[in-house]
Amino acid sequence: RNFIEWGVLHDSSNPGVYIAGEVRSVIKPEVIAWLIECILMINGNDTLSLRMALESPMFFPFKVASISSDFLGRLGNIQVIHHGLNEELLMLKSK
């Protein structure tokens, strides 16, 4: 019931069926980088494409702003690997 209390879901007339509520926008690059690091930690794969990271349903109920891979590479613990002509893969930096 937390999502309902927070306003990101609303009850419908059918029990167990919910209606989407307010989506919260995340625009601060530092917060976006931190959220992507979290997804990389729990993803189970070594890499994840930038596009898939930004469109991940794991961000629900947040809408994450677009961010450049170069900026992500300078923030936090994310390493960017350029793959092919236009794909950028993200992975956690080795410690």
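Keep in mind that what you see is a predicted model, and the values were worked out from it rather than measured.

### Quick look at the overall build of the protein chain
Per the secondary structure count, the protein chain includes four helices and seven strands. For the protein chain, the sequential pattern of α-helices and β-strands runs α-β-β-β-α-β-α-β-α-β-β. Considering only C-alpha atoms, the protein chain reaches an extent of 50 × 30 × 25 Å along its principal axes. Every one of the 95 residues in the protein chain was classed for burial, and the buried ones make up 29%. Taking the contacts inside the protein chain whose residues are at least 6 apart along the sequence as the reference set, 41% of them involve residues at least 24 apart. If you sum the accessible surface of the protein chain, you get close to 6700 Å²; carbon and sulfur atoms cover 56% of it. The protein chain carries 8 positive and 10 negative side-chain charges, and their two centres are separated by 4 Å.

### Thoughts on the pattern of salt bridges
Evaluated as defined, the whole model comprises two salt bridges. Linking R24 and E22 is a salt bridge whose minimum nitrogen-to-oxygen distance equals 3.1 Å. Here R24 falls in the partly exposed class, since its relative accessible area comes to 30%. By relative accessible area, E22 is classed as partly exposed at 47%. Put simply, R51 and E55 hold a salt bridge, and the shortest N to O gap is 3.5 Å. Each member of the pair, R51 as well as E55, carries the same accessibility label: exposed.

### Comments concerning the nonpolar core
I32, I36, L54, L72 and L90 are the most contacted members of the largest nonpolar core, which totals 18 residues. A total of six residues in this core trace back to one element, the largest contributor, which is helix α2 (residues 29-43). What L72 contacts, discounting residues up to four positions off in sequence, is A33, I36, L50, I67, I78 and L90.

### Digging into the pairing of strand β6 (residues 78-83)
Where β6 meets strand β7 (residues 87-92), six bridges bridge the pair, whose relative direction is antiparallel. The partner of I81 across the bridge, within β7, is L89. Taking the residues between adjacent antiparallel strands as the criterion, β6 and β7 are bridged by three residues, where G84 takes a positive phi near 70°.

### Section: the confidence of the model for the protein chain
Here the protein chain averages 88 in pLDDT, and 99% of its residues register 70 or above. Across the protein chain, the secondary-structure element scoring lowest on mean pLDDT is helix α4 (residues 69-74), at 86, and the one scoring highest is strand β1 (residues 9-11), at 92.

### Some details on the sheet that holds β7
Backbone hydrogen bonds are what pair the strands of a sheet, in a parallel or an antiparallel way. On the basis of which strands lie adjacent, the open sheet formed by three strands has the order β4-β7-β6 and antiparallel pairing. Sheet topology places β4 (48-49) and β6 at the edges, where each strand pairs with a single neighbour.

### Quick word on the side chain of S49
With respect to the helices and strands, S49 occurs in strand β4. Look past the residues within four positions of S49 in its chain and what remains in contact with it is E87, E88 and L89.

Quick notes on the rules
- Residues numbered from 1 in each chain as written.
- Predicted model: local features only at pLDDT ≥ 70, side-chain atom pairs only at ≥ 80, totals over all residues.
- Heavy atoms only, no water.
- Helix = DSSP H or I, 4+ residues; strand = E, 2+ residues; numbered from the N terminus.
- Buried < 20%, exposed > 50% of the residue type's maximum accessible area, 1.4 Å probe, protein only.
- Contact = heavy atoms within 4.5 Å.
- Areas by Shrake-Rupley, 256 points an atom, 1.4 Å probe, with all protein chains shown as cover.
- Lys, Arg positive; Asp, Glu negative; His and termini not counted.
- Charge placed at Lys NZ, Arg CZ, Asp CG, Glu CD.
- Salt bridge = Lys/Arg side-chain N within 4 Å of Asp/Glu carboxyl O.
- Core = buried A, V, L, I, M, F, W, Y, C linked by side-chain atoms within 4.5 Å.
- Pairing = 2+ DSSP bridges.
- pLDDT = per-residue confidence, 0-100.

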